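So the chains spell out like this:
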Amino acid sequence: MLCRRAEADPDICGCKRAKKGLCAHTYCLFLASGLFPQESRNGFLVEDTRRAIQVAALKRCFVCGETGAAITCREKGCDRSFHLPCASEGECVTQFFGLYRSFCWQHRPEQAVQASPEQNSTCIICLDLVEDKKSYRTMVCPACQHAWFHRSCIQKQAIHAGVGFRCLHCQNKDQFVMEMLAMGIRISKRQPSWESDQAFGLVYQRHVRCSASKCLCPGGREQAEEEGSWQLLLCSSCAAEGVHRRCSYLRNSATTWECDCCA
């Protein structure tokens, strides 16, 4: 009843909450102007929510032109209002932390770094080209200033990475996370989605078999010793293959090995 969208993206608007005949998305509630959660009551008061809906019904979204715009720019003197699902199209910034402030395209915060992408720079996530300068839709890591990405791509990454969210290039976390939050990226508080996905379970299992075309070990491919001829060495590049030292005819002094694909 705040964004007027029944099928809004839950990654941005959050799940739906229903109470006493009122239904609204979690973040539509948090970002609605003049509406504040009551900590002692574990949520928003029904009368406050109803009042926010009535006020929003009188405001028109400057992006889509429809009424019911519950979010108003926090810049003093600015009366631009919009729906949460319209924020991206209108190049608005909504901050999903602290006071949950929102800003229109004219008053939104911008990255302070002076870096500019090199010619033909690509998004570190989707690998498609980014714009030739910083913009609402083209962002950069504030720490290394080399990782460029699309806003839509980093938003999806933030949802799935959760508490593991960081720069994919330099691995900086603290500065990167604070910058992304200020720029309106919503970061989920869950564990990385891939850690709970059974489809990726094998990625975290160490390779434990000799991959040589002919294994010479009397105990078989799965026998491995801590040192000596039957020590199992993993590929130093991909770690997806492994061989006994003797099966690959490596000297005892050799400490690394690469599989045929990586070599």
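Residues numbered from 1 in each chain as written. Predicted model: local features only at pLDDT ≥ 70, side-chain atom pairs only at ≥ 80, totals over all residues. Heavy atoms only, no water.

1. Some thoughts on the nonpolar core
Formally: The term nonpolar core refers to a set of buried residues drawn from Ala, Val, Leu, Ile, Met, Phe, Trp, Tyr and Cys, joined through side-chain atoms within 4.5 Å. Relative accessibility under 20% of the residue-type maximum defines a buried residue, over 50% an exposed one, and the middle range a partly exposed one, all with a 1.4 Å probe and only protein chains included. Secondary structure elements follow DSSP: runs of H or I no shorter than four residues count as helices, runs of E no shorter than two count as strands, and numbering proceeds from the N terminus. For this analysis, residues touch if any pair of their heavy atoms sits within 4.5 Å.
Leu 2, Leu 31 and Leu 84 are the most contacted members of the largest nonpolar core, which totals 28 residues. For this core, the elements supplying multiple residues, two or more each, are β2 (22-25), α2 (26-31) and α3 (46-56). Sequence-distant contacts of Leu 2, that is, excluding residues within four places in its chain, are made with Ala 24, Cys 28, Leu 29, Ala 32, Ala 52, Ile 53, Gly 68, Ala 70 and His 83. Listed in part, the 24 residues of the second largest apolar core include Ala 115, Cys 123, Phe 149 and Phe 176.

2. Looking at the UniProt feature "domain: RING-type" (unreviewed entry) in the protein chain
Under the convention used in this document: UniProt positions are given in the numbering used here, feature names are shortened, and annotations may be inferred rather than shown by experiment.
Taking the numbering used here, the UniProt-annotated feature "domain: RING-type" (unreviewed entry) corresponds to residues 123-171. End-to-end, the C-alpha atoms of residues 123-171 are 16 Å apart, and along that stretch the chain is 22% helix and 12% strand.

3. Thoughts on the side chain of Glu 179
For the record, the criterion: Charge counting follows a simple rule: Lys and Arg are positive, Asp and Glu are negative, and His as well as the terminal groups are ignored. Salt bridge, as applied in this entry: a Lys or Arg side-chain nitrogen positioned within 4 Å of an Asp or Glu carboxyl oxygen. Nitrogen and oxygen atoms within 3.5 Å of one another constitute a polar contact, given that in protein one can donate a hydrogen and the other can accept it, and given that sequence-neighbouring residues count only through two side-chain atoms.
By the secondary structure assignment, Glu 179 is in helix α5 (residues 174-182). There is no salt bridge for the buried Glu 179, and the closest opposite charge comes from Lys 134, which lies 8.4 Å off by N-O distance. Polar side-chain contacts of Glu 179 include one of 3.0 Å to the side chain of Gln 111. Those residues in contact with Glu 179, other than ones at most four positions away along the chain, are Gln 111, Ala 112 and Pro 142.

4. Quick look at the domain arrangement of the protein chain
The criterion, for reference: Domain delimitation follows an automatic or database domain assignment. Buried area is calculated as the accessible area (1.4 Å probe) missing from two parts once they are joined, with the contributions of both summed. Following the grouping adopted for this structure description, the nonpolar residues are Ala, Val, Leu, Ile, Met, Phe, Trp, Tyr, Cys and Pro, the charged ones are Asp, Glu, Lys and Arg, and the polar ones are all others, Gly among them.
As assigned here, the protein chain comprises domain 1 (10-103), domain 2 (110-203) and domain 3 (206-262). Between the C-alpha centres of domain 1 and domain 2 the distance comes to 25 Å. Taken together, the contact pairs 14 residues of domain 1 with 11 residues of domain 2. In total, about 1,000 Å² of surface goes out of reach between domain 1 and domain 2, with carbon and sulfur atoms giving 56% of it. The interface formed by domain 1 and domain 2 holds 1 salt bridge in total. Taking the shortest distance from any N to any O, the salt bridge between Arg 137 and Glu 91 comes out at 3.8 Å. At the junction of domain 1 and domain 2, the tally comes to 5 residue pairs in polar contact (both at pLDDT 80 or more). The element contributing the most residues to the side of domain 1 that touches domain 2 is helix α1 (residues 10-13), with 3 residues. A breakdown of the residues in the side of domain 1 that touches domain 2 according to their chemical character gives 8 nonpolar, 3 polar and 3 charged.

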